[in-house]
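# Observations on the model geometry
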Amino acid sequence: QVQLVESGGGLVQAGGSLRLSCAAAGRTFSSYVMGWFRQAPGREREFVGVSWSGGSTWYADSVKGRFTISRDNATNTVYLQMNSLKPEDTAVYYCAAGYRGGSTMSRYDYWGQGTQVTVSS
């Protein structure tokens, strides 16, 4: 069982930056694939990016070059650094953990409660 808690959301102007954190409670954090997803009002939850257990990352085209995922296995934390934010990035952001990972929600076993990111124009 893994408990995930996101933090770091807030209101930012377009062009600004935010860093989200996702703290995991569990002893096997380094073995998990950690994903980030987001859900805007009236839309389905969508893939943002993933950090594989070996450290490599993969991003959705919509955020590639602007968002960066990093992980600290010593503190069981994964981060989502978001730069050059746009109003269309406004959403609730969720982190997820699983052994399979990828861009599909069903491949993750544990989810955080989400943190709101609002980007004003």
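Structure: above.
Reference entry: report on the structure contained in this document. All chains use their own residue numbering, which begins from 1 and follows the written sequence. The model is predicted, so local features are restricted to residues of pLDDT at least 70 and side-chain atom pairs to those at 80 or more, both for listing and for counting; the totals for chains, interfaces and linings are taken over all residues. The basis for the side-chain values is all heavy atoms of the structure; hydrogens and waters are excluded.

### With respect to the state of the cysteines
Each disulfide consists of a covalent bond between the sulfur atoms of two cysteine residues. Counting rule for disulfides: a pair of cysteine sulfur atoms within 2.5 Å. A full pass over the atoms with the stated rule returns one disulfide. Two residues share a disulfide in this structure: Cys22 and Cys95, whose sulfurs sit 1.9 Å from each other. Judged by the sign of its S-S torsion, about 55°, the cystine formed by Cys22 and Cys95 is right-handed. Of the two residues, Cys22 sits in strand 3 (residues 18–25) while Cys95 sits in strand 9 (residues 91–98), which places them 73 residues apart along the sequence. Take Cys95: its relative accessible area is 0%, and that puts it in the buried class. Helix numbering and strand numbering both begin at the N terminus, where a helix is a DSSP run of H or I of at least 4 residues and a strand a DSSP run of E of at least 2. Note on classification: 1.4 Å probe, protein chains only; a residue is buried when its accessible area is under 20% of the maximum for its type, exposed when over 50%, partly exposed between these limits.

### Side note on the sheet that holds strand 1 (residues 3–7)
Spatially, the four strands line up as an open sheet ordered 1-3-8-7, and their pairing is antiparallel. Edge positions in the sheet fall to strand 1 and strand 7 (67–72), since each has one partner strand and no second. In this sheet, neighbouring strand axes are inclined to one another by 15° on average, regardless of whether the strands run parallel or antiparallel. Across five bridges, strand 1 lies against strand 3 in antiparallel orientation. The residue of strand 3 that forms the bridge with Ser7 is Ser21. Pairing between strands is defined by DSSP: at least two bridges between them are needed. Axis definition: a line fitted to C-alpha atoms, limited for helices to the stretch in contact. Angles are taken between N-to-C directions and run from 0 to 180 degrees.

### Here we look at the packing of aromatic side chains
In this description, a pair of aromatic rings is defined by centroid distance and the angle of the planes. Here is the rule: rings of Phe, Tyr and Trp (six-membered ring for Trp) pair when centre to centre is within 6.5 Å. Planes less than 30 degrees apart are stacked, more than 60 are edge-to-face, and the remainder are tilted. By the definition in use, this model includes seven aromatic pairs. With a centroid separation of 6.1 Å and an interplanar angle of 90°, the aromatic rings of Tyr32 and Tyr110 are classed as edge-to-face. Residue Tyr32 is located in the loop between strand 3 and strand 4 (33–39), and its partner Tyr110 is located in strand 10 (residues 110–111); the two are separated by 78 residues in the primary sequence. The exposure classification of Tyr32 matches that of Tyr110, with both residues buried.

### With respect to the pairing of strand 5 (residues 46–51)
Consecutive residues of a regular strand have side chains that alternate between opposite faces of the sheet. Most of strand 5 sits inside the fold, with five of its six residues counted as buried. Of the pairings in the sheet, the one linking strand 4 to strand 5 comprises five bridges and is antiparallel in character. Each bridged residue has a counterpart across the sheet, and for Gly35 the counterpart in strand 5 is Val50. Between the antiparallel neighbours strand 4 and strand 5 lie six residues, among them Gly42 with a positive phi of about 75°. Bridge analysis of strand 5 against strand 6 (residues 57–59) gives three bridges, and the strand direction is antiparallel. Bridge pairing in strand 6 links Gly49 to Tyr59.

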